[in-house]
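Below are the chains, spelled out letter by letter.
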Amino acid sequence: MSKETLTWLNQHTLIGFTDKRGHAWHYRADQQGEANHYPGPIPVDDVERRLFDWTALEQPIYVESPVTGGLDVVPDRKAIIRSDTGSVMGIFSDGYQPHPYKEWLVDNVAQLLDDDLAIGSAGLLRGGAVAWVSVEVPDTITTPEGVAFRPNLLATTSFDGSLSTTYKRIVTNVVCDNTMAAGLREKGQQTKVKHSAKSHLRLGEAREALAIVHTIADDFAAEVAELCALGVSDRQWAAFLDAHAPMPDEKGRARTSAEKHRDVLNRLWNHDERVSPWRNTGWGVVQAVNTYTHHEQTVRGATRAERNMLRAVTGGADSLDGSTLATLRTLLPA
């Protein structure tokens, strides 16, 4: 079950550069013991003090013996628990190697990046079993087409087995805080390290794979310009809706869901400031679907914050943008 209540998000996530992009959607001042929003970059000391001031401990696992009534140790298995709360975050074989948050998300990132990059967000999810740190450029970049974005390096790992340690360059579209691929038609550069006994980060290889955050700007701006120049008529938009969210012939739950989906997309396309400025362009189509998925679509089994962060890390954001464009291009003249 998800741990991410509004109280959790206000006490276990840190949001920086609010002077550039405003407050996070979950901001509630009355649920913060200490303010979690920063007008500029988040100090490294605050990330370590407020989020990573505990350690992941490896503990043996015991079961009650039906014969003796005593406790027998489970061979070749161990639990990963929080040192401050004692909560169990995951159970693994002896070969599992935990990656401490401070070392892998703060110290390693500091070695990967330039001095003029700073922490823009950080947080804990799933009771601390998942964590991330996002490092970004200090100034928002705005393209001639009016698209404001911020290049990021997203570093994340887990103690519940859900994620390898991942370093990935991404883009955040500031107007609606959507995560997008560094190149919409290809997967963003990333490097992953498994939680194995021999795991270690080769910094030189990681730098080369990520191509450093600064290089995202030109790639993404060129992609935006191309998509803004790609005309999409009202008829083509209607055809896109038919392909992207087809309407079932028979009445029922599926038809009702499709109608709602299409209604929201049409509202975004025609009236929402996050999308409508780029109406009748390829960028508007990508932005409509991305905004719907990040901010409007019903979320089950998790909170929106957890789902969006995990989508960014696991490649769901890349796949979303890629599939949107693939569908659109089938409807446009060659």
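Residues numbered from 1 in each chain as written. Predicted model: local features only at pLDDT ≥ 70, side-chain atom pairs only at ≥ 80, totals over all residues. Heavy atoms only, no water.

### As for the overall build of the protein
Along its length, the protein carries eleven helices and eleven strands. In the protein, 61% of the contacts between residues at least 6 apart in sequence involve partners at least 24 apart. A total accessible area of about 15,800 Å² is found for the protein, and carbon and sulfur atoms account for 50% of it. (Helix = DSSP H or I, 4+ residues; strand = E, 2+ residues; numbered from the N terminus. Contact = heavy atoms within 4.5 Å. Areas by Shrake-Rupley, 256 points an atom, 1.4 Å probe, with all protein chains shown as cover.)

### Examining the nonpolar core
Among the nonpolar cores identified, the biggest contains 52 residues, and Val47, Phe52 and Trp283 are the most heavily contacted of them. Judged by nonpolar contacts, the second largest core, of 16 residues, contains Leu268, Trp269, Ala288 and Leu320. (Core = buried A, V, L, I, M, F, W, Y, C linked by side-chain atoms within 4.5 Å. Buried < 20%, exposed > 50% of the residue type's maximum accessible area, 1.4 Å probe, protein only.)

### Description of the pairing of strand S5 (residues 118-125)
The buried count for S5 comes to eight of eight residues, which makes it a mostly enclosed element. Looking at chain direction, strand S1 (residues 13-15) and S5 are connected through three bridges and run antiparallel. By the bridge assignment for S5, Thr13 is matched with Gly123. (Pairing = 2+ DSSP bridges.)

### Here we look at the pairing of strand S4 (residues 88-93)
Looking at chain direction, strand S3 (residues 71-82) and S4 are connected through five bridges and run antiparallel. In the strand pairing of S4, Arg77 is matched with Ser93. Hairpin remark: S3 followed by S4, antiparallel, with five residues in the connecting loop; positive phi at Gly86, about 80°.

### Brief notes about the environment of Leu265
Take Leu265: it is sitting in helix H8 (residues 253-271). As for Leu265 and Val285, which are separated by 20 residues in sequence, their C-alpha atoms are 9.3 Å apart. Ignoring anything within four residues of it in the chain, the contact list for Leu265 reads Trp237, Leu241, His244, Ala288, Val289 and Tyr292.

### Overview of the environment of Trp237
Topologically, Trp237 is positioned in helix H7 (residues 234-244). Along the primary structure Trp237 and Arg279 are separated by 42 residues, whereas in three dimensions their C-alpha atoms are 9.5 Å apart. Sequence-distant contacts of Trp237, that is, excluding residues within four places in its chain, are made with Val232, Leu265, Asn266, Trp269, Val285 and Ala288.

### Structural notes on the side chain of Arg50
Position of Arg50 among the secondary structure elements: in helix H3 (residues 44-50). Note on Arg50: relative accessible area 15%, which makes it buried. Among the polar contacts listed, one links the side chain of Arg50 to the side chain of Tyr38, at a separation of 2.9 Å. (Polar contact = N/O pair within 3.5 Å; in protein donor to acceptor, adjacent residues only side chain to side chain.)

### Examining the side chain of Arg169
Among the secondary structure elements, Arg169 is positioned in strand S9 (residues 165-173). The class for Arg169 is buried, based on a relative accessible area of 3%. Within polar-contact distance, the side chain of Arg169 engages the side chain of Asp219 at 3.3 Å.

### Examining a nonpolar patch on the surface
Where nonpolar side chains cluster on the molecular surface, the patch consists of Tyr62, Leu71 and Val73 and spans about 340 Å² of accessible area. Positionally, Val73 belongs in strand S3. (Patch = residues over 30% accessible without salt bridge, like charges linked within 9 Å, V, L, I, M, F, W, Y side chains within 5 Å. Salt bridge = Lys/Arg side-chain N within 4 Å of Asp/Glu carboxyl O.)

### A look at the packing of helix H6 (residues 216-228) against helix H9 (residues 282-296)
As a packed pair, H6 and H9 sit with axes 6 Å apart at the nearest point and diverge in direction by 110°. One way to sum up the angle between H6 and H9 is to call them roughly perpendicular. From H6, Phe220, Val224, Leu227 and Cys228 reach across to H9, where they touch Gly282, Trp283 and Val286. Looking at the contact of H6 with H9 residue by residue, the classes come out as six nonpolar, one polar and no charged. (Axes fitted to C-alpha atoms, helices over the stretch in contact; angles between N-to-C directions. Parallel < 35°, antiparallel > 145°, perpendicular 65-115°, else oblique. Nonpolar A, V, L, I, M, F, W, Y, C, P; charged D, E, K, R; others polar.)

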